[in-house]
Amino acid sequence: MSVSAYQAPARADAAVIFDGVSKHFPGSGKSDGFTALDNVSLSVGRGSITGIIGRSGAGKSTLIRLVNGLEKPTGGKVLVDGVDVGALDEAGLRELRRSVGMIFQHFNLLSSRTVFDNVALPLEIAGMNKSAIEKRVRPLLDLVGLADKHGRYPSELSGGQKQRIGIARALSTEPKLLLSDEATSALDPETTQSILELLKRINADLGLTVLLITHEMEVVKAVTSDVAVIDHGRIVERGHTFDVFTHPKHETTRAMLSGLPGSKLPDAVSRALKPQAVAGDRAVVRLTFFGAAAERPLISQLIKSVGAEVNIIAGTIDEIGGRPYGSLVVAYRADAETAGRAERFFTENGLVTEVLGYVA
Amino acid sequence: MSPDILLKIWGATLDTLYMVAAAGLIGSLIGGPIGIFLATSGKGELFPAPMTNRIVGLIVNAARSTPFIILVVAIIPFTRLLTGTSIGTKAAIVPLTIATIPFVARLVEAAIREIDKGLIEAARAMGATPMQIVFKVLLAEARPALTMALTMTAVSLIGYSAMVGAVGGGGLGDLGIRYGYQRFMPDVMLVVVIVLIVLVQIVQSAGDGLARRFDRRSRKN
């Protein structure tokens, strides 16, 4: 599947639509103000896990807050299930927010409430009676695996447990959409994985649409089916996660991807890398393979076609959006003959290649 | 020390407690909501009213910076209007209450401002009304700090109540001035001071204990 084949979800299938959305924060006094979002259009497919990734200050926090009306756009429209969020009054917004769950980087649990009472809070706010709340909260605590902690206080829980409570709380009003604001950024890698697993499970079991923002490519890779890359308030790239990861188009995307383990070259190599080859140099090439290619004995075939002089410099085999994917950085002699043989081999096997540079 | 004096000290202690309790209660009931208003009515906050916030803030500051002894004298006409007299325990409650209101207001404001803004955002994201946020989030989360604030108020009031003694307000301060100072009875003065110290200790310990019980932020069971 190529990137150009990517179709934005049709309007009827979209849980959230950003339609030419801008957000400008007015300056105070002498300062000019700040444009956080500039004409952003994006749709979030119903039932998908869509990631929005960007560096800090790229505008992603503002973007996600437009969905439940915590921020109002200064231009364009945000539609949630076809409802124009900007046109809602306060009462309408409260109604909407009760159907949209949200989880936060710092969990935002009430320290004065027990685990049970934290999960119950949105239901209390919605005016549900005690026995109905009890019936709703118990299964949620089971779902997030913390039923035994119901009487504990947040200060007695680990970060991962707190986020599980945050998730249970966000699900208590049975929302159709879950917003995740850097939900794993304060957690260690292992806990991050377990929280992401939970989000995946919720998405699959409850058919919940998840819109998450993050600055971590790992998170996008692990759970999202679709991704948008945001930079300086603009969407610079979007598509199925697999396509964006395997064929990154925009500079920002590439830069963010290069931080992933397995994508990064060893320091000694990246320092020695030159843009032009001189006689005797070796070419450093990144091969990206997926689908059928991932299952063939590529290395031995490559060595046979190119000659014995193939070094493996870095490599990773991984899964993106549930599809196997491999990335291999190899070096071979940069003379015309070897390079020609290598290129033929790559073309025949449908490999995506990128020449990173040359080393002596 | 004669039984008569001891009886007087007992009576004065009760007077002091009465003044502190009455002024503390009324002052907190009025000052508390003002404090909540000050903490939530800035630009972009729950009940945005920046102009009113400024004005209320100015009035509170003015009241806070008026020396208590001057406040007592300055509002005598108002005190007379309310209680029909300007001396005695009942009359003293009026300036004590007036002084308590801005004091409590600032303490409550500070207690509420301490609360992580993320909690307010989370509550908004749940669809809470501003009033629900005040009661279910702000006041609940600030309970330990509010308990400390009320404790501080009570302790300050015990000190202030002794000061109204200087202008015929009744209570321990009054007794200390009239007997201990004016009649040269240092033993009476000493007892008065000891009773005041004990009162403050009891109030402070009770307040600290309550605040600790309410504080769930980082206690391991």
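Residues numbered from 1 in each chain as written. Chains lettered and ligands numbered in written order. Predicted model: local features only at pLDDT ≥ 70, side-chain atom pairs only at ≥ 80, totals over all residues. Heavy atoms only, no water.

**Q** Before we go on, may I ask you to explain the packing of helix α1 (residues 3–40) of chain B against helix α9 (residues 172–182) of chain B in this structure?
**A** How two helices pack is summed up by the angle between their axes together with the distance between the axes. Residue and element names in this part refer to chain B. Running from amino to carboxyl end, α1 crosses α9 at an angle of 145°, the nearest separation of the two axes being 7 Å. Seen from α1, the contacting residues are I5, K8, I9, A12, T13 and T16; seen from α9, they are L172, L175 and Y179. Considering only residue class, the contact of α1 with α9 consists of six nonpolar, two polar and one charged. (Axes fitted to C-alpha atoms, helices over the stretch in contact; angles between N-to-C directions. Helix = DSSP H or I, 4+ residues; strand = E, 2+ residues; numbered from the N terminus. Contact = heavy atoms within 4.5 Å. Nonpolar A, V, L, I, M, F, W, Y, C, P; charged D, E, K, R; others polar.)

**Q** For this particular structure, what's the right way to read the sheet that holds strand β1 (residues 14–25) of chain A?
**A** The strands making up a sheet associate through backbone hydrogen bonding, with each pair oriented either parallel or antiparallel. All names here are of chain A. Taken in spatial order, the four strands line up as β2-β1-β4-β5 in an open sheet, and their pairing is antiparallel. What marks the edges here is a single partner per strand, and that holds for β2 (34–45) and β5 (83–84). In the sheet, β1 pairs with β2 via eight bridges, with the strands oriented antiparallel. The residue bridging F18 from the neighbouring strand is L42, located in β2. This element, helix α1 (residues 60–67), spans β1, β2 and β4 (75–80) of the sheet and lies at about 125° to β1. (Pairing = 2+ DSSP bridges.)

**Q** Sorry if this is basic, but what is going on with the sheet that holds strand β13 (residues 323–333) of chain A here?
**A** Residues and elements named next belong to chain A. In space, the four strands of this open sheet follow the order β12-β13-β11-β14, with antiparallel pairing throughout. Among the strands making up the open sheet, the edge pair consists of β12 (311–320) and β14 (352–359). The mean inter-strand angle of the sheet, taken between neighbouring strand axes irrespective of direction, is 15°. Direction of pairing for strand β11 (residues 282–290) relative to β14: antiparallel, over a ladder of seven bridges.

**Q** Quick question: what am I supposed to make of helix α6 (residues 189–206) of chain A here?
**A** All names here are of chain A. Taking 1.5 Å of rise per residue, 18 residues should cover 26 Å, and α6 covers 25 Å from first to last C-alpha, within 8% of that figure. When α6 is considered as a whole, its buried residues turn out to be T191, T192, I195, L196, L198, L199, I202 and N203. Burial along α6 is one-sided: seen end-on, the buried residues are contained in an arc of 155°. For α6, the exposed residues set more than 90 degrees away from the buried face come down to P189, E190, A204 and D205. The N-cap of α6, judged by a side-chain oxygen 3.2 Å from the amide nitrogen of E190 a few residues on, is D188. Phi turns positive one or two residues past the end of α6, at G207, with a value near 65°. (Expected span 1.5 Å × (residues − 1). Buried < 20%, exposed > 50% of the residue type's maximum accessible area, 1.4 Å probe, protein only. Arc of directions from axis to C-beta. Polar contact = N/O pair within 3.5 Å; in protein donor to acceptor, adjacent residues only side chain to side chain.)

**Q** Is there a simple way to think about the environment of A:P139 in this case?
**A** Residues and elements named next belong to chain A. If you trace the backbone, P139 turns up in helix α4 (residues 130–143). Residue classification places P139 among the partly exposed residues on the basis of a relative accessible area of 44%. A sequence separation of 74 residues divides P139 from R65, and the C-alpha atoms of the two residues are 28 Å apart.

**Q** When you look at a nonpolar patch on the surface in this model, what are you seeing that I'm missing?
**A** A grouping of B:I69, B:I70, B:V73, B:M163 and B:V167 is seen on the molecular surface, where their side chains present a nonpolar patch of about 380 Å² in accessible area. Sorting elements by how many residues they give to the nonpolar patch places helix α3 (residues 68–74) of chain B first, with three residues. (Patch = residues over 30% accessible without salt bridge, like charges linked within 9 Å, V, L, I, M, F, W, Y side chains within 5 Å. Areas by Shrake-Rupley, 256 points an atom, 1.4 Å probe, with all protein chains shown as cover. Salt bridge = Lys/Arg side-chain N within 4 Å of Asp/Glu carboxyl O.)

**Q** I keep staring at the packing of aromatic side chains and nothing clicks. Help me out?
**A** For any pair of aromatic rings, the description consists of the separation of the ring centres together with the inter-plane angle of the planes. Going through the model one piece at a time under the given rule, you end up with three aromatic pairs over all chains. Geometrically, the ring pair formed by A:Y332 and A:F346 is tilted, given 6.5 Å between the ring centres and 45° between the ring planes. A residue pair is termed long-range when its members are at least 10 positions apart, and A:Y332 in strand β13 and A:F346 in helix α12 (residues 336–348) qualify at 14 residues. We classify A:F346 as buried; its relative accessible area is 4%. Aromatic pair A:F345 and A:F346: ring centres 6.1 Å apart, planes at 65°, arrangement edge-to-face. An aromatic cluster is present here, built from A:Y332, A:F345 and A:F346 joined pairwise through their rings. Positioned above the aromatic ring of B:F214 is the side chain of B:R143, whose terminal nitrogen or guanidinium carbon lies 4.0 Å from the ring centre. Cation over ring: B:R183 sits above B:Y179, and NZ or CZ is 4.1 Å from the ring centre. (Phe/Tyr/Trp six-rings, centres within 6.5 Å; stacked < 30°, edge-to-face > 60°. Lys NZ or Arg CZ within 6 Å of the ring centre and 35° of its normal.)

**Q** Teacher, can you tell me more about the pattern of salt bridges here?
**A** Oppositely charged side chains are able to pair whenever their charged atoms sit close together. Throughout the structure, instances matching the rule amount to 24 salt bridges over all chains. The salt bridge partner of A:D335 is A:R333, with a shortest N-O separation of 3.6 Å. By relative accessible area, A:R333 is classed as partly exposed at 38%. A salt bridge links B:D4 to B:K8, with the nearest nitrogen and oxygen atoms 3.9 Å apart. Here B:D4 pairs with B:K8, and both are found in helix α1, just four residues apart, close to one helical turn. Given the relative accessible area of 46%, B:D4 is considered partly exposed. For B:K8, a relative accessible area of 33% puts it in the partly exposed group. Members of the salt-bridge network, linked through shared partners, are B:E45, B:R106, B:E109 and B:R113.

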